[in-house]
Amino acid sequence: MVKTFQAYLPPTNRTYSCVHCRAHLASHDELISKSFQGSQGRAYLFNSVVNVACGQAEERVLLTGLHAVADIYCECCKTPLGWKYEHAFESSQKYKEGKYIIELAHMIKENKWD
């Protein structure tokens, strides 16, 4: 059985994929920062992602203050991956709005990393 993903990233790009089903999640070109902390360890902040579904937004107090975030899941295998920043209540955190956190525990590197 062959899995069909919603979106495939170009094979020439360095890609981050779901560790469980190998669905493409983000291009390395969309990486903003490697200096984030998720609930299960280190996490990366991305500008945009593919093959990801969003849950309902809710307010949470994170390390950097109060944010409205929505949990994100792999569209293909339904694994929780991280969250999307919907709203930042502090002006210094506004740059995160509309961006995505994916925890390292849930992704692998593929394509052209040598």
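Nothing here was measured: the structure is a model prediction, and the numbers come from that model.

Caption draft 1: How the structure looks around the environment of E75. Relative to the assigned elements, E75 resides in the loop between β6 (65-74) and β7 (80-88). For the pair E75 and H20, spaced 55 residues apart in the sequence, the C-alpha separation amounts to 12 Å. The contacts of E75, once residues within four sequence positions are left out, are Q6, N51, V52 and A53.

Caption draft 2: View of the UniProt feature "domain: Yippee" (unreviewed entry) in the protein chain. Per the UniProt record, "domain: Yippee" (unreviewed entry) is found at residues 14-111. Measuring from the first to the last C-alpha atom of residues 14-111 gives 5 Å, for a span that is 0% helix and 61% strand.

Caption draft 3: Region of the structure containing a positive patch on the surface. A grouping of R14, K34, R42 and K109 is seen on the molecular surface, where their side chains present a positively charged patch. Mapped onto the secondary structure, K109 falls in strand β9 (residues 107-110).

Caption draft 4: Fine view of a nonpolar patch on the surface. Among the surface-exposed residues, V61, L66 and F89 lie close enough to one another that they form a single nonpolar patch of about 280 Å² accessible area. Turning to its location among the elements, L66 is positioned in strand β6.

Caption draft 5: Structural detail: the sheet that holds strand β3 (residues 31-38). A sheet is described by the order of its strands in space; here six strands give the open sequence β3-β4-β8-β7-β6-β5, paired in antiparallel fashion. Single-partner strands in this sheet number two, and they are β3 and β5 (52-62). Across the sheet, the axes of successive neighbouring strands diverge by a mean angle of 30°, strand direction being ignored. Pairing of β5 with β6, which is carried by nine bridges, proceeds in the antiparallel orientation.

Conventions we followed
- Residues numbered from 1 in each chain as written.
- Predicted model: local features only at pLDDT ≥ 70, side-chain atom pairs only at ≥ 80, totals over all residues.
- Heavy atoms only, no water.
- Helix = DSSP H or I, 4+ residues; strand = E, 2+ residues; numbered from the N terminus.
- Contact = heavy atoms within 4.5 Å.
- UniProt positions renumbered as here; feature names shortened; annotations may be inferred.
- Patch = residues over 30% accessible without salt bridge, like charges linked within 9 Å, V, L, I, M, F, W, Y side chains within 5 Å.
- Areas by Shrake-Rupley, 256 points an atom, 1.4 Å probe, with all protein chains shown as cover.
- Salt bridge = Lys/Arg side-chain N within 4 Å of Asp/Glu carboxyl O.
- Lys, Arg positive; Asp, Glu negative; His and termini not counted.
- Charge placed at Lys NZ, Arg CZ, Asp CG, Glu CD.
- Pairing = 2+ DSSP bridges.
- Axes fitted to C-alpha atoms, helices over the stretch in contact; angles between N-to-C directions.

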